[in-house]
Amino acid sequence: MSRSLRAILRRISSGTLESQEHQLSGSRENEEFVEDDDEALSRSDTSVDSPAVLYDMIHSPSYQVPVLYITFKDEAAGKRMPSVDEAYELLVPDAYRSQIEATGVVGALSMTDHPISSTPAYFVHPCQTAEAMEAVVGGRKTTPEEYLLMWLGMIGASVGLDVPVELAEAMSGPV
Amino acid sequence: MPAPSSRLADLQRKIWNGSIPLEVRLAASDCRTYDESEPYLVQPPRLSYLAFLLPQLHAFFKPSLIDPQVQPHEAWLSFEGVPLKWHYPFGLLYDLFSGAEPVDFDKQRNEDPATSQATVETASGTTPLPWRLTAHFTEYPGDQLIQLDADGRALLDSYINAVKEADFIRNGNARTVMSLSKGDSDNLWRAVQTYDLNLFNSVNSKLLNPPGMELRHVPLKIYLPTSASQTASETITEEAKQAGHIRVVQSLVPLHLPSRQPQTLGTALNSILPSIFPSRRNPLLAQPVLHGVVVPLGAHLNDLGRTASYLDGFLHVAVVMLG
């Protein structure tokens, strides 16, 4: 995988799609934490009235792969976050879920502190990601965008995140 | 030169025995007698987790609760209005929030012995011991604290995830921790719950010494309170403006430098946060604090990892700005 990874942060709300590009960079051996624009992304200006699910892709310095974080925003629910089972129910249809669990390549949904906001968020555990991606990539050279598309297809699908055709085309086009 | 193993074992035991006196008061809004309930006094170990206190706190405060039906796992603790995160070890919370001056042995060595007793003081000279916290039983801040459950499952999951991550960081894979027997992993959690050093070491030594593998990196997390993170970044985030927001920095830290010299705390901090630690040897702008003590920048990360790590395998280092 090349040295620079372009992460696309997306907010999916009830109809509008905003995407912002942020650059995360780091070498593989001596990981240097680089201040990036992610911190400029302010959660408090979400002008979303209806419940929303926020997906973030954040590079993990520990696991050295992208990790998918999921935050639920629902003013009506007050401050209560859904439980793991409730989260699965909201994100993934039951039939699909048993299929996903059977493959064993996608980690379970767990709760942690969001690395940027430090507030509770779900994340798809990345312990299997590196191996699974190796199997999919199969030693080919990929651009960061191709890698992310494959990653989204595998990890994202397990939690109801589909890549819209327009976005896939935009990512594969000339940079 | 690496320290002899008996000294390291001594140091680990001293750290294991560290504790901090707490005085917990019931939030007036949850209390039938408003602010006149007795405080609960306890002295938990620094390495442990506050959530383990919940059953005793609940039992102690129950007679005073406006709503006596509330469950222990619905309670939460705060310090000066800041909710305290359950998965942060207790000693780390103290280092980050209490305002206590960390003990600086280097500074003490250079001072007149008559004035250099190891007293605990805040920057303003008041003593922050016992540490005064507030227990709440309503209005759980689920947007800031992970929700607990009656079985302690959330706490266990968060602990296990941290142990797995530490193992992955050390070896580049999580095979060692995943291959622990059920007995071993049960013992590890039980050692955490009962605070049993021998039981803990019996399992943890397997994680620190995986057969046939050389450890590659040191599990390290660096905590920057708002003033420190503002030095490092140009943008002041919405979150940082909230009191008590801590920025957590992580980076893969190899045990050795490219020159094959051992990695020290100073070389690591200088490489990860050069604007806060411009020198690898001298703390010019900030000091790293572990277990209430300023750690010399020359400390070898390998030794630190083996003696001063918390129960989840991480070195949780608080950064305290100077001046």
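Computed from a predicted model, the values in this text were never measured in an experiment.

*Asks:* How do you make sense of the overall build of chain B when you look at a structure like this?
*Replies:* Along chain B, the regular secondary structure elements total 12 helices and 10 strands. Within chain B, the proportion of its 323 residues that are buried is 53%. Within chain B, residue pairs in contact and separated by at least 24 positions form 71% of the contacts whose partners lie at least 6 positions apart.

*Asks:* Looking at this structure, how should I read the pairing of strand 6 (residues 120-124) of chain A?
*Replies:* Sheet faces and side chains relate simply in a regular strand, where the side chains alternate between the two faces. Residues and elements named next belong to chain A. Where burial is concerned, most of strand 6 is hidden: five out of the five residues are buried. Alternating residues of strand 6 divide into Pro120, Tyr122 and Val124 and Ala121 and Phe123, and every residue in both groups is buried. Bridge analysis of strand 4 (residues 66-73) against strand 6 gives two bridges, and the strand direction is antiparallel. By the bridge assignment for strand 6, Ile70 is matched with Tyr122.

*Asks:* Sorry if this is basic, but what is going on with the packing of helix 7 (residues 182-194) of chain B against helix 8 (residues 197-208) of chain B here?
*Replies:* The packing of two helices is summarised by the inter-axis angle and the distance between the axes. All names here are of chain B. At their nearest, the axes of helix 7 and helix 8 sit 8 Å apart, and the two run at 130° to each other. With respect to helix 8, the element helix 7 is oriented oblique. The two elements helix 7 and helix 8 meet at a crossing, and its hand is left-handed. Between helix 7 and helix 8, the contacting residues are Asp184, Asn187, Leu188, Arg190 and Ala191 on the first element and Leu199, Phe200, Val203 and Lys206 on the second. Classifying every residue of the contact of helix 7 with helix 8 by side-chain character gives five nonpolar, one polar and three charged.

*Asks:* Help me out: how do you make sense of the domain arrangement of chain B in this one?
*Replies:* Buried accessible area, meaning the area lost when the parts come together, often serves as the stated size of an interface. Residues and elements named next belong to chain B. Split into domains, chain B comes out as domain 1 (5-136), domain 2 (153-208) and domain 3 (220-321). Facing the 11 residues of domain 2 at the interface are eight residues of domain 3. Summed over both sides, the interface between domain 2 and domain 3 buries roughly 840 Å², with carbon and sulfur atoms accounting for 64% of that surface. Counting the surface domain 2 buries against domain 3, the share from its top three residues, Glu165, Ile169 and Leu208, is 44%. There are zero salt bridges connecting domain 2 and domain 3. Taken together, the links from domain 2 to domain 3 amount to three residue pairs in polar contact (both at pLDDT 80 or more). Every element with two or more residues in the side of domain 2 that touches domain 3 is listed here: helix 5 (153-171) and helix 8. Of all the elements, helix 5 adds the most residues to the side of domain 2 that touches domain 3, at seven residues. Grouping the constituent residues of the side of domain 2 that touches domain 3 by class yields nine nonpolar, no polar and two charged.

*Asks:* What am I meant to see in the environment of Arg153(B) here?
*Replies:* Residues and elements named next belong to chain B. With respect to the helices and strands, the residue Arg153 is situated in helix 5. The class of Arg153 is partly exposed, set by a relative accessible area of 48%. In sequence terms Arg153 and Pro89 are 64 residues apart; their C-alpha atoms lie 17 Å from each other.

*Asks:* How do you make sense of helix 5 of chain B when you look at a structure like this?
*Replies:* For helix 5 of chain B, built from 19 residues, the straight-helix expectation of 27 Å at 1.5 Å per residue is met to within 8% by its first-to-last C-alpha distance of 27 Å. A positive phi of about 85° marks Gly172(B), the residue just after helix 5 of chain B.

*Asks:* Looking at this structure, how should I read the pattern of salt bridges?
*Replies:* Side-chain pairing between opposite charges can occur once the charged atoms of the two side chains come close. All names here are of chain B. Taken as a whole, this structure holds eight salt bridges over all chains when the rule is applied. The residue Arg132 makes a salt bridge to Glu23 at a minimum N-O spacing of 3.2 Å. On the criterion of sequence distance, the pair formed by Arg132 in strand 5 (residues 131-136) and Glu23 in strand 1 (residues 22-26) is long-range, its members being 109 residues apart. Residue class for Glu23 comes out buried when judged on its relative accessible area of 10%. Measuring nitrogen to oxygen at the nearest pair gives 3.3 Å for the salt bridge that ties Asp157 to Arg153.

*Asks:* What should I look at first to understand empty space enclosed by the protein in this one?
*Replies:* A probe as big as a water molecule, rolled over the atoms, marks out the empty space that is left. Residue and element names in this part refer to chain B. If you walk through the whole model with that rule in mind, you get nine cavities of 30 Å³ or more. If you add up the space inside the largest cavity, you get close to 130 Å³. Together, 16 residues line the largest cavity, and Gln12, Phe200, Asn204, Ser309 and Tyr310 are the ones closest to its centre. The set of elements that each furnish at least two residues to the lining of the largest cavity consists of helix 1 (5-16), helix 8 and helix 12 (301-307). Residues belonging to the lining of the largest cavity are distributed by class as follows: eight nonpolar, six polar and two charged.

*Asks:* It is not clear to me how the sheet that holds strand 7 (residues 246-249) of chain B should be interpreted in this structure. Could you clarify?
*Replies:* Backbone hydrogen bonds are what pair the strands of a sheet, in a parallel or an antiparallel way. Residue and element names in this part refer to chain B. An order of 7-6-10-8-9 is seen for the five strands of this open sheet, with the pairing classed as mixed. Two strands lie at the open edges of the sheet, namely strand 7 and strand 9 (293-294), each paired on one side alone. Where strand 6 (residues 220-225) and strand 10 (residues 315-321) come together, four bridges link them in parallel fashion. Across the sheet, Leu220 pairs through a bridge with Leu315, a residue of strand 10. Across the sheet, helix 3 (residues 90-97) touches strand 6, strand 7, strand 8 (286-290) and strand 10, and the angle it forms with strand 10 is around 10°.

*Asks:* I'm lost on helix 1 of chain B in this one. Help?
*Replies:* Two residues of an α-helix separated by three or four positions point the same way, owing to the 3.6 residues in each turn. Residue and element names in this part refer to chain B. For helix 1, spanning 12 residues, the distance from its first C-alpha to its last is 16 Å, which sits close to the expected 16 Å at 1.5 Å a residue. If you check which residues of helix 1 are buried, you get Leu8, Gln12, Ile15 and Trp16. One side of helix 1 carries all its buried residues, which in axial view fall inside an arc of 100°. Away from its buried face, by an angle of more than 90 degrees, helix 1 presents the exposed residues Ser6, Arg7 and Lys14.

*Asks:* What's the story with the side chain of Asp184(B) in this structure? I'm lost.
*Replies:* Residue and element names in this part refer to chain B. With respect to the helices and strands, Asp184 occurs in helix 7. A residue is classified by how much of its surface remains accessible, and Asp184, at 13% relative accessible area, is buried. Aside from chain neighbours lying at most four places away, what touches Asp184 is Val203 and Lys206.

*Asks:* Looking at this model, I keep getting lost on the pairing of strand 10 of chain B. Mind explaining?
*Replies:* Residue and element names in this part refer to chain B. Counting buried positions along strand 10 yields five of seven residues, so the element is predominantly enclosed. Across four bridges, strand 8 lies against strand 10 in antiparallel orientation. In the strand pairing of strand 10, Val289 is matched with Ala318.

*Asks:* Quick question: what am I supposed to make of the sheet that holds strand 5 of chain B here?
*Replies:* Residue and element names in this part refer to chain B. Strand order in this open sheet of five strands is 2-1-5-3-4, and the pairing throughout is mixed. Unpaired on one side and paired on the other, strand 2 (40-42) and strand 4 (82-83) mark the two borders of the sheet. Sheet topology note: the strand 3 (residues 76-79)/strand 5 ladder contains three bridges and is antiparallel. In the sheet register, Leu77 faces strand 5, and the bridge partner there is Ala135. Sitting on the sheet, helix 3 is in contact with strand 1, strand 3, strand 4 and strand 5, with an inclination near 115° to strand 5.

Conventions we followed
Residues numbered from 1 in each chain as written. Chains lettered and ligands numbered in written order. Predicted model: local features only at pLDDT ≥ 70, side-chain atom pairs only at ≥ 80, totals over all residues. Heavy atoms only, no water. Helix = DSSP H or I, 4+ residues; strand = E, 2+ residues; numbered from the N terminus. Buried < 20%, exposed > 50% of the residue type's maximum accessible area, 1.4 Å probe, protein only. Contact = heavy atoms within 4.5 Å. Pairing = 2+ DSSP bridges. Axes fitted to C-alpha atoms, helices over the stretch in contact; angles between N-to-C directions. Parallel < 35°, antiparallel > 145°, perpendicular 65-115°, else oblique. Left-handed = near helix turned anticlockwise from the far one by under 90°. Nonpolar A, V, L, I, M, F, W, Y, C, P; charged D, E, K, R; others polar. Domains from an automatic or database assignment. Buried area = accessible area lost by both parts, 1.4 Å probe. Salt bridge = Lys/Arg side-chain N within 4 Å of Asp/Glu carboxyl O. Polar contact = N/O pair within 3.5 Å; in protein donor to acceptor, adjacent residues only side chain to side chain. Expected span 1.5 Å × (residues − 1). 1 Å grid on protein atoms, 1.4 Å probe; cavity = no way out; pocket = protein on both sides within 12 Å on 5 of 7 lines; lining within 4 Å. Points joined across faces, edges and corners; volume = space filled by probe spheres on them. Arc of directions from axis to C-beta.

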